[in-house]
Amino acid sequence: MALCPNCRVELGDDARHCPLCRAPIRGDQTPQGARPAYPEQVIDPEDLDGLTSAEKRKIFLELFTVCSAIAAIAVTVIDLLLDGRPSWSPYALSAIAMLWLLVCMPLILAGRPWLVFSVLGPSSLAFLFLIDILDGRADWFLALGLPLGIIGEGAIVACGTLVAVSRRKGINVIAIALAGSALACAGIELVLSLRFAGRPELSWSAIVLAAGLPSSGFLFYMHYRIVNRASLRKLFHL
Amino acid sequence: MESPASPEHTRRNLRLSRTEFLHGEEKWYVLDNAASFMPGLTGRTVTLVYRLSVNLDRTVRLPALQAALAAIAPRFPYYMVVLRRGFFWYYFEPAGEKPLRVSADSKYPCLNLKARRGGYLFRVRAYDRRIAVEFCHILADGSGALAFLKALLLEYGRTLGMDIPEAEGIFAPGETPGPEESEDAFNRHVRPGTPGPERVPRAFHIPALPLRRGQYRIITGRMPLGSTLALSKSHGTSLTEFLAAAYLAALQELFYALPPPLRAAQHPVLSLEIPVNLRKLFPSGTMRNFTLYVLPSLDTRLGFYEFEEIATLVHLFMRSAVRPKHIARQIARNVMGGRSMLLRALPLGLKDLAARLVYKGIGENTMSGSLSNLGEVKLPAALSFLAEGFAFIPAPSPVCKTKAACLSYKDDLYFSFGSLASRPELERLFFSRLAQMGLPVSVATNL
């Protein structure tokens, strides 16, 4: 008779996993060592009775997809009824499609952040391009949408990477976000000034940089030199 | 001699003690008086869940246990329920087709039973040679849980192919539950006009750092019953009184071991809550709650107490407190309070709030610890071969931090501490005192 290695109870001969703890059962498996008075594992039976994270994700994806499809059909029909042809609905449909990607891709590709970015990064730029050309003219994407999109995405990727590689996360996360935002602001102003003034200028973003970078530096100093073991959870617990 | 209650009161009590009602063809249940305020007290740590377990002479066979559970559960329809919120009160509804499965055991028992989330209020867990039932106090007290465990054990033995005859006092599948099994015995035995109990002072609480959230330390000591009874007798006490005296002595030692400034900031009264099974004082066959408590205490302002003195004080206190007239005062306070129109008209949210305040004031604030003795577990001979030992684990208490529960079976006494304190100081003081008195104590823990 099969024995669960965790629960140490006898199972049916055809058991392939323990119905109590869901541990897989192999024929050659027998619990080793002394019999502890209590199991080593911490189990909340109600968690085992509930849906797994993957099942919850699947249900949410299905619901969100159905809702998005209903919204897409509704805007298309309303637009056709009002104007007799697609006028504003392509904008709404593009936005719904982009929203679907933003919400669902992190769930579909859970645990693979680089893959998520490799889908969402180009998709976001493509969305901007689509919005630009829907009126029949391409007048702002190359000059504004593309560089601003790249700056935004670059800032997010750079900050995310730095946070991911930092071994101890605490105030340094705020510092990275602050520095990233300040640099992104400078980039945004450079692009805008090139487009509208014809030359690179730093005015309001210089103030942001002057405030943000020293603050970020101070937070880095606090994290790595003073607080050492600070964590966001401890500092901002409610 | 007690004066008889008027026929009108008796009729009203009988009517109000009924908890089972019909809505169309579906049953629903009112909570008993003790349980009616409990749901509002429950939370992540305050689960109000205690455990009774039996250690077998062989490894648990899960398919047989599952089959036994499926066979015996319908015999206890008043446990096959889920908690629902009404506008004024909580109530129970039959769980219907909700599956009742044996659960895996955990390193930390008695936690994570979310009473207010529509699940069963009890569960059966299996590990190695142990079958455990964990009951939320909203559903039943220790006597009810023990009856369920015995019935489950008997059915499990039969499912394994053992020849076990019907045994008196152990429920079997197919029987029809008696109406008294789901009665609210508090409402049946209340005597209107009885004065409430006197107020008791706030008690000392162990100023220990808590364990990490989600942890619960269990230490179970096993000692020979005969020697412990003989020792109790030599001190002129019953077993419960002797254990309570040892518990109070350990609390006193802990109190005096505190640094003087910290000690001065504590409440000076050391009180021990001892639940009393009221079925022994008032006739009732209820399987719901029918337990109240008495509070022997030591006032440290009067000086240090030697063990002999504590044993005498506890003995005298218990003799006077565990009497129907004394307990009737608590019943009157609780039941008549619940019957007041003002309280009944409060919406449930406000009742929950009031329950927390009342429980704090007359409950947890007045006790330094708790010792629940379920008494002797008796099994028919054919079944006692299967069961090697039992254990009774108290529900976690963040305020008292450490509580104790015990029972005896065959020749052994099983005494378990359940604690949310980071260090097992009280347990060490208690068991080392018993060991110093010559009792061989073997201890097992989960942490």
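Residues numbered from 1 in each chain as written. Chains lettered and ligands numbered in written order. Predicted model: local features only at pLDDT ≥ 70, side-chain atom pairs only at ≥ 80, totals over all residues. Heavy atoms only, no water.

A. Main features of the overall build of chain B. If you tally the helices and strands in chain B, you get 13 helices and 17 strands. In terms of overall size, chain B behaves like a compact globule, its C-alpha atoms giving a radius of gyration of 22 Å where 447 residues would be expected to give roughly 22 Å. The principal-axis extent of the C-alpha atoms belonging to chain B is close to 65 × 55 × 45 Å. Taken across its 447 residues, chain B has 54% of its residues classed as buried. Put simply, of all contacts in chain B between residues at least 6 apart along the chain, 76% involve residues at least 24 apart. For chain B, the accessible area works out to roughly 18,800 Å², and carbon and sulfur atoms hold 56% of it. In chain B, 55 positive and 38 negative side-chain charges are present, and the distance between their average locations comes to 7 Å. (Helix = DSSP H or I, 4+ residues; strand = E, 2+ residues; numbered from the N terminus. Rg over C-alpha atoms; globule rule 2.2 N^0.38 Å. Buried < 20%, exposed > 50% of the residue type's maximum accessible area, 1.4 Å probe, protein only. Contact = heavy atoms within 4.5 Å. Areas by Shrake-Rupley, 256 points an atom, 1.4 Å probe, with all protein chains shown as cover. Lys, Arg positive; Asp, Glu negative; His and termini not counted. Charge placed at Lys NZ, Arg CZ, Asp CG, Glu CD.)

B. A look at the pairing of strand β9 (residues 217-224) of chain B. Residues and elements named next belong to chain B. The buried fraction of β9 is high, at six of eight residues. Where β9 meets strand β16 (residues 412-419), eight bridges bridge the pair, whose relative direction is antiparallel. Note that in β16 the partner of Arg217 across the bridge is Ser419. (Pairing = 2+ DSSP bridges.)

C. Quick look at the packing of aromatic side chains. Residues and elements named next belong to chain B. Tallied over the entire structure, the rule returns 35 aromatic pairs over all chains. Summarising the aromatic geometry, the rings of Tyr79 and Phe122 are spaced 6.4 Å apart at their centres and angled 55 degrees between planes, so their arrangement reads as tilted. With Tyr79 in the loop between α2 (62-72) and β4 (81-85) and Phe122 in strand β7 (residues 122-127), this pair connects stretches of sequence that are 43 residues apart. Overall, the relative accessible area of 0% leaves Tyr79 in the buried class. Ring centres of Phe415 and Phe431 lie 6.1 Å apart, and the angle between their planes is 85 degrees; this geometry places the pair in the edge-to-face category. With Phe415 in strand β16 and Phe431 in helix α13 (residues 425-436), this pair connects stretches of sequence that are 16 residues apart. Counting every residue linked through ring pairs, the aromatic cluster contains Phe76, Tyr78, Tyr79, Tyr120, Phe122, Phe135, Phe148 and Phe171. (Phe/Tyr/Trp six-rings, centres within 6.5 Å; stacked < 30°, edge-to-face > 60°.)

D. How the structure looks around the domain arrangement of chain A. Residues and elements named next belong to chain A. The domains assigned to chain A are domain 1 (1-33), domain 2 (55-139) and domain 3 (152-238). At the junction of the two partners, domain 2 supplies seven residues and domain 3 supplies four residues. Summed over the three residues of domain 2 that lose the most area to domain 3, namely Trp114, Phe117 and Asp139, the buried surface amounts to 76% of that side. Inspection of the region where domain 2 meets domain 3 yields zero salt bridges. Applying the counting rule to domain 2 against domain 3 returns zero residue pairs in polar contact (both at pLDDT 80 or more). When its residues are assigned to classes, the side of domain 2 that touches domain 3 shows four nonpolar, two polar and one charged. (Domains from an automatic or database assignment. Buried area = accessible area lost by both parts, 1.4 Å probe. Salt bridge = Lys/Arg side-chain N within 4 Å of Asp/Glu carboxyl O. Polar contact = N/O pair within 3.5 Å; in protein donor to acceptor, adjacent residues only side chain to side chain. Nonpolar A, V, L, I, M, F, W, Y, C, P; charged D, E, K, R; others polar.)

E. Summary view of the sheet that holds strand β1 (residues 20-23) of chain B. Residues and elements named next belong to chain B. Strand order in the open sheet formed by four strands is β1-β2-β5-β4, and the pairing between neighbours is antiparallel. Each end of this open sheet is capped by a strand with a single partner; those strands are β1 and β4. Going from strand to strand, the sheet's axes swing by 35 degrees on average, the running direction of each strand aside. With two bridges connecting them, strand β2 (residues 26-30) and strand β5 (residues 90-94) associate as antiparallel partners. Residue pairing in the sheet places Tyr29 in a bridge with Phe92 of β5. (Axes fitted to C-alpha atoms, helices over the stretch in contact; angles between N-to-C directions.)

F. Structural detail: the pairing of strand β8 (residues 130-136) of chain B. Residues and elements named next belong to chain B. Of all seven residues that make up β8, seven are buried, and the element is covered over most of its length. A two-sided burial pattern is seen for β8, the buried positions comprising Arg130, Ala132, Glu134 and Cys136 on one face and Ile131, Val133 and Phe135 on the other. Bridge analysis of strand β3 (residues 49-56) against β8 gives seven bridges, and the strand direction is antiparallel. Following the sheet pairing, Ser53 is matched in β8 by Ala132. Summarising the sheet, β7 and β8 pair through six bridges and their orientation is antiparallel. Paired with Arg123 across the bridge in β8 is Glu134. Connecting β7 to the antiparallel partner β8 that follows it, the hairpin turn spans two residues, and Asp128 within it adopts a positive phi of roughly 55 degrees.

G. Here's a closer look at unusual backbone geometry. Residue and element names in this part refer to chain B. Here the phi dihedral of Leu48 falls at roughly 60 degrees; this positive angle occurs in a residue that is not glycine. For Leu48, the position within the fold is in the loop between β2 and β3. Here Leu48 falls in the buried class, since its relative accessible area comes to 13%.

H. Representation of helix α2 (residues 53-83) of chain A in the model. Residue and element names in this part refer to chain A. The first and last C-alpha atoms of α2 sit 44 Å apart over 31 residues, in line with the 45 Å expected at 1.5 Å per residue. The set of residues buried in α2 consists of Leu61, Phe64, Ser68, Ala72, Val75 and Asp79. Next to the buried residues of α2 lie α3 (89-108). Remark: Gly84 follows α2 within two positions and exhibits a positive phi of approximately 75 degrees. (Expected span 1.5 Å × (residues − 1).)

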